[in-house]
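Residues per chain are reported as follows:
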Amino acid sequence: MKFEDAWKGIGNGQTGDGVDTGLAPYKAIHSPHVPLYWRDHLIAPVRTIGAATATSLKMSYWFSTIEDSPQEGDPTFVSASLRTSPATAWRDTAPSGLVSMLPFEGARWRFEQPVSFVQFHLPFDLMGMVCASLFGRELTHDHLRMPADVADAQLCRRLDRIRHRTSLIEPTNLLLDSWALILAETFLQRLSSHGERNGHGPFGKLPARGIARVVDYIEDRIDQDLRLSSLAAVAGMSVYHFARRFQETVGISPYSYVLVRRIERARALLRWKDERLVDVALACGFSSQSHLTTVFRQCLGVTPGEYRRRVQG
């Protein structure tokens, strides 16, 4: 299984990007960790994800009927916009593609109205950490190209897969952390001047003692919203190095491993206990019963209720 399999099992169905899907709507943002666009824009985002943490992926969903929209510069984030409606758009004087980067110095956007889009925001410090690990080079803002039209099919597919997944469930911190590393690596390889260099080779495997400590930590806290940084701290290394070395040692990403253990814990509880499904979900680290049902069906092809009826006869 590849490092990118943090989104394995995602379907291709059409969804409403959090609008009328029962997911969390926009709430007033007071965190210092969010992009300026969320606080100083002419309109408020319909929905936001990842506002509470400083180091992970953040996402914002937008619907606008404003034709002329200024974007204030925000050099603390590397941000991309995925348009989810057919409306034509321009960044300054350049036609905007399906995927556009948000310049650090700001820009003026014009839209055929109405328009909807999803923005992806990666902390620049996280990008710098991944760059140092991947290429052994410092990252500055001048090293990144920020085109109005990102004509890169792989990058577009990755953004759209994440958009689709977040339209189905409220992602855990561990999933946001995993996506952050995947996108940081993709942006660096596709849009930075360092991407022309050969990246770091195999990072090597984790020692058996380190793996055992991480596994024990996960098992003891399977009901909690784990962070990739916490797992890396247990192993005594940086987040990116830990994620890569865990992948090379276990064969799946940390997120995929935790997901497997949560599903196994849920199967055990469903097999031997008659707890409410919502209690099973929370005991296994899922954010809700619907989250458990979605993941359980994707992995096993049946709902938790159907599985319980089968195994209990």
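Structural data are supplied above this passage.
What counts and what doesn't
Residues numbered from 1 in each chain as written. Predicted model: local features only at pLDDT ≥ 70, side-chain atom pairs only at ≥ 80, totals over all residues. Heavy atoms only, no water. Salt bridge = Lys/Arg side-chain N within 4 Å of Asp/Glu carboxyl O. Helix = DSSP H or I, 4+ residues; strand = E, 2+ residues; numbered from the N terminus. Buried < 20%, exposed > 50% of the residue type's maximum accessible area, 1.4 Å probe, protein only. Pairing = 2+ DSSP bridges. Phe/Tyr/Trp six-rings, centres within 6.5 Å; stacked < 30°, edge-to-face > 60°. Lys NZ or Arg CZ within 6 Å of the ring centre and 35° of its normal. Axes fitted to C-alpha atoms, helices over the stretch in contact; angles between N-to-C directions. Contact = heavy atoms within 4.5 Å.

**Student:** I'd love a proper account of the pattern of salt bridges, names of residues and values included.
**Tutor:** Applying the stated criterion to the full structure yields ten salt bridges. Ionic pairing is found between arginine 108 and aspartate 68, a salt bridge with its closest N-O pair at 3.1 Å. In this pair, arginine 108 is assigned in strand β8 (residues 106–111) and aspartate 68 in strand β3 (residues 68–72), connecting sequence segments 40 residues apart. You can call arginine 108 partly exposed: its relative accessible area is 42%.

**Student:** An account of the sheet that holds strand β6 (residues 94–95) is requested, with residue identities and associated values reported.
**Tutor:** The strand order β3-β8-β5-β6 describes an open sheet built from four strands, whose pairing is antiparallel. Only two strands of the sheet have a single partner each, and these edge strands are β3 and β6.

**Student:** Break down the packing of aromatic side chains for me, citing the residues and quoting the values.
**Tutor:** Scanning the model with the defined rule gives seven aromatic pairs in all. Here phenylalanine 242 and phenylalanine 246 contribute two aromatic rings whose centre-to-centre distance is 5.6 Å and whose plane-to-plane angle is 55°, an arrangement assigned as tilted. In this pair, phenylalanine 242 and phenylalanine 246 both sit in helix α7 (residues 239–250), four residues apart, roughly one turn of the helix. Here the two residues phenylalanine 242 and phenylalanine 246 agree in accessibility, since each one is buried. Each ring, one from phenylalanine 296 and one from tyrosine 307, has its centre 5.5 Å from the other, and the planes form 65°; the classification is edge-to-face. Pair noted here: phenylalanine 296 is in helix α10 (residues 289–300) and tyrosine 307 is in helix α11 (residues 304–312), with a separation of eleven residues, a long-range link. Its relative accessible area of 10% is what places tyrosine 307 among the buried residues. Note that arginine 110 overlies the ring of tryptophan 90, its terminal NZ or CZ placed 4.7 Å from the centroid.

**Student:** Help me get a handle on the sheet that holds strand β9 (residues 115–123), residues and values and all.
**Tutor:** Sheet architecture is open: five strands sit in the order β1-β2-β9-β4-β7, paired in antiparallel fashion. Two strands lie at the open edges of the sheet, namely β1 (47–49) and β7 (99–102), each paired on one side alone. Ignoring strand direction, the axes of neighbouring strands in this sheet form an average angle of 20°. Across the sheet, helix α3 (residues 153–168) is in contact with β1, β2 (58–64), β4 (77–83), β7 and β9; its angle to β2 comes to roughly 85°.

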